[in-house]
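Survey of secondary and tertiary structure
Chain by chain, the residues run as shown.
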Amino acid sequence: MSGSLWLKPPTSETPLAAIPRPRRERAAGRPPHGAPSPADTAGAGAAGPAAQPADGVAPDTGGEGARPSGGRPPGAVAAPAPTAPPPAGGGLADDPLDELARRLDGFVAVAVHPDEIAAILESDGMTDEHIRLTYGRADSFSLAEDLYARVERRHPEPSAPPSGAWHSELAGCLLRGLVFALPGLAYVLAAPLLAAQHGRFGLPAGTVPLLAGAVTGWVWNQALSHRAYTWLGLGDRAAAARALLTGAPAGALAGTAVALATAAPGELPAAVFTAGQSLYLAAATVLLVLGRERALLGALLPLGGAVPALRWDLPDVLRAGLLLASLAASVALAALVLRPGVRRGAAGRGGPPRAASLPYGLFGLGSGLLVLHAGVADTLVTGAGAVIALTLSMGPAEWLLHRFRYGALARLRTLTTAREFRRAVTGTLVLCLGGYLTVLLALTLAATLAWPGAPLPTLPRLVTLLLIGTVLWLGLLLQAFGAVLSAATVCLLAAAAQTVHPAAGPLAAGGAAAVLAALTCALLVRPTAHRA
């Protein structure tokens, strides 16, 4: 019936768009930031990944001052008119820069780097020629540096989070991690029903259609989540429901078709199970994106029958009944929450381009393959323990993404120089990543100890698992800030290397982790990456 929905959808909040970057950054070829993303991968990114995206962290709007209306980019404030008005007494001001500093005082006082001021000047069309004639400075950067030096730093105190916010967010993220992992119990119930004599590629019989269908579902539903979250970010819940109403069944059909196409003679039971798995993934995506985690948890309760199945041999009829009951409950609940999508006019506008969701699907493909490689071990028990640990860790991973985002925003408001901000954000990044890897290690050891007769993982396997965890967490972080294409490319290359040369797994995972760490440090330590 249901497969393991290990990969969290894109982030549930729309990632922030950076303020306009000055020409100096654009000339250096730095990648753009703030691409449209999920409105957490349910994900929130989102994702997803918009998720995404995915998943995913909510933008902060407190303490930033008034936002302009009209065509200015997000985060921009009104820049001065090309010419300053003359003083009341007639004639030119002694120094027009004093007038400009007074008019931009609110923004300049909270800037942590002159480039932020230069970006605002350029966004309102102040050319170098106008700056030379009016203010006697060579260009926008020289003018921004003078403004930065003239105005005293006045950063507002960070607003206190709502009472109990961390506890409520942690509980929600842990709940999501649980519903990501519980579908794995379906494999325990279905194992005797999938038994066959011969397998392919050295894998147990039925593994190929199961994996093919699961990967298809991960890719499709990650992209679908991003599109639905984008609609949610635009405030159109009915259009999001309509996107899920048309996309989720299509994903279930795609997973079923791939499973049937890859099934060998004698693997029909596995293909039928994969069809149910694809249908569950579609229903779970709908419930997670629309914030119905508790409903999904209730639908998964029949899978608790797998616990006694670990010790006693249950009748096949009971096993099949528990699987069908959980699947039917998931589909019924998903259909119930999709009712707004069938109302007339829910389609509304044309919506975001579908191509924008493709990178989130590619990220789902690369991440899914890495998790599958983590599950390939000398024994089934060892591999299953790694997959269970990675799946359960997605809940704490999501919470730590929120912690990083809130920590960066707090430092943006309290620190006065770009150097201090870089050091503080780097420390927060290391702390959050270290916390996630600690949780992943603890979950791996707990899963091993809870499984009767399971051998302890070897040190090389533990190192590889932690490197894969690093790739997943950093990839989700980059996805939440709009750099999903870079994360997807790195994950796909690492997964391809492990597929071609399985023995190169630790090297591929380590290289991917190093590249993503470098990208994260380059992109997310800049103040403009966190400006609303």
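Residues numbered from 1 in each chain as written. Predicted model: local features only at pLDDT ≥ 70, side-chain atom pairs only at ≥ 80, totals over all residues. Heavy atoms only, no water.

**Let's talk about the overall build of the chain**
Secondary structure summary: the chain contains 21 helices and zero strands in total. With 532 residues in all, the chain has 50% of them scored as buried. With an accessible surface of roughly 22700 Å², the chain has 66% of that area assigned to carbon and sulfur atoms. (Helix = DSSP H or I, 4+ residues; strand = E, 2+ residues; numbered from the N terminus. Buried < 20%, exposed > 50% of the residue type's maximum accessible area, 1.4 Å probe, protein only. Areas by Shrake-Rupley, 256 points an atom, 1.4 Å probe, with all protein chains shown as cover.)

**What to know about the nonpolar core**
Within the largest apolar cluster, 95 residues are counted, with the highest numbers of intra-cluster contacts made by L390 and W473. Ignoring anything within four residues of it in the chain, the contact list for W473 reads A397, L400, L401, L429, C432, L433 and Y436. In terms of nonpolar packing, the next biggest core, distinct from the first, is built from 21 residues, I117, A118, I120 and L147 among them. (Core = buried A, V, L, I, M, F, W, Y, C linked by side-chain atoms within 4.5 Å. Contact = heavy atoms within 4.5 Å.)

**Focus: the environment of R526**
You can see R526 is positioned in the segment after α21 (505–524). R526 gets classed as buried once you look at its relative accessible area, which sits at 12%. Remark: the alpha-carbon pair of R526 and H113, spanning 413 residues in sequence, is separated by 9.3 Å.

**Topic: a nonpolar patch on the surface**
Residues L441, L445, L449 and L456 make up a contiguous nonpolar surface patch of roughly 380 Å² in combined accessible area. Its place among the elements puts L449 in helix α18 (residues 418–450). Judged by relative accessible area, L449 falls into the exposed class, the value being 68%. (Patch = residues over 30% accessible without salt bridge, like charges linked within 9 Å, V, L, I, M, F, W, Y side chains within 5 Å. Salt bridge = Lys/Arg side-chain N within 4 Å of Asp/Glu carboxyl O.)

**Overview of helix α9 (residues 207–233)**
Three or four residues apart is the spacing at which side chains of an α-helix point the same way, because the helix has 3.6 residues per turn. The end-to-end C-alpha distance of α9, which contains 27 residues, comes to 38 Å, matching closely the 39 Å that a straight helix rising 1.5 Å per residue would cover. Burial within α9 is extensive, with 22 of its 27 residues counted as buried. Backbone geometry just downstream of α9 places G235 in the positive-phi region, at approximately 80°. (Expected span 1.5 Å × (residues − 1).)

**Description of helix α11 (residues 268–289)**
Given a rise of 1.5 Å per residue, 22 residues ought to cover 32 Å, and the 32 Å separating the end C-alpha atoms of α11 matches this to within 8%. The buried fraction of α11 is high, at 17 of 22 residues.

**Some thoughts on the packing of α9 against helix α10 (residues 237–262)**
In helix packing, the relevant descriptors are the interaxial angle and the interaxial distance, both defined with respect to the helix axes. In contact at an axis separation of 8 Å, α9 and α10 are set at 165° when each is read in the N-to-C sense. By the criterion of interaxial angle, the relationship of α9 to α10 is roughly antiparallel. For α9 against α10, the interelement crossing comes out right-handed. The residue makeup of the contact of α9 with α10, split by class, is 17 nonpolar, six polar and one charged. (Axes fitted to C-alpha atoms, helices over the stretch in contact; angles between N-to-C directions. Parallel < 35°, antiparallel > 145°, perpendicular 65-115°, else oblique. Left-handed = near helix turned anticlockwise from the far one by under 90°. Nonpolar A, V, L, I, M, F, W, Y, C, P; charged D, E, K, R; others polar.)

**Observations concerning the pattern of salt bridges**
Taken as a whole, this structure holds four salt bridges when the rule is applied. The salt bridge partner of D98 is R150, with a shortest N-O separation of 2.3 Å. In this pair, D98 is assigned in helix α2 (residues 96–103) and R150 in helix α6 (residues 140–150), connecting sequence segments 52 residues apart. Classification of D98 by relative accessible area gives partly exposed; the value is 32%. The class of R150 is partly exposed, set by a relative accessible area of 40%. Here E99 and R102 are joined by a salt bridge, their closest N and O atoms 2.7 Å apart. Pair noted here: E99 and R102 are both in helix α2, with a separation of three residues, about one helical turn.

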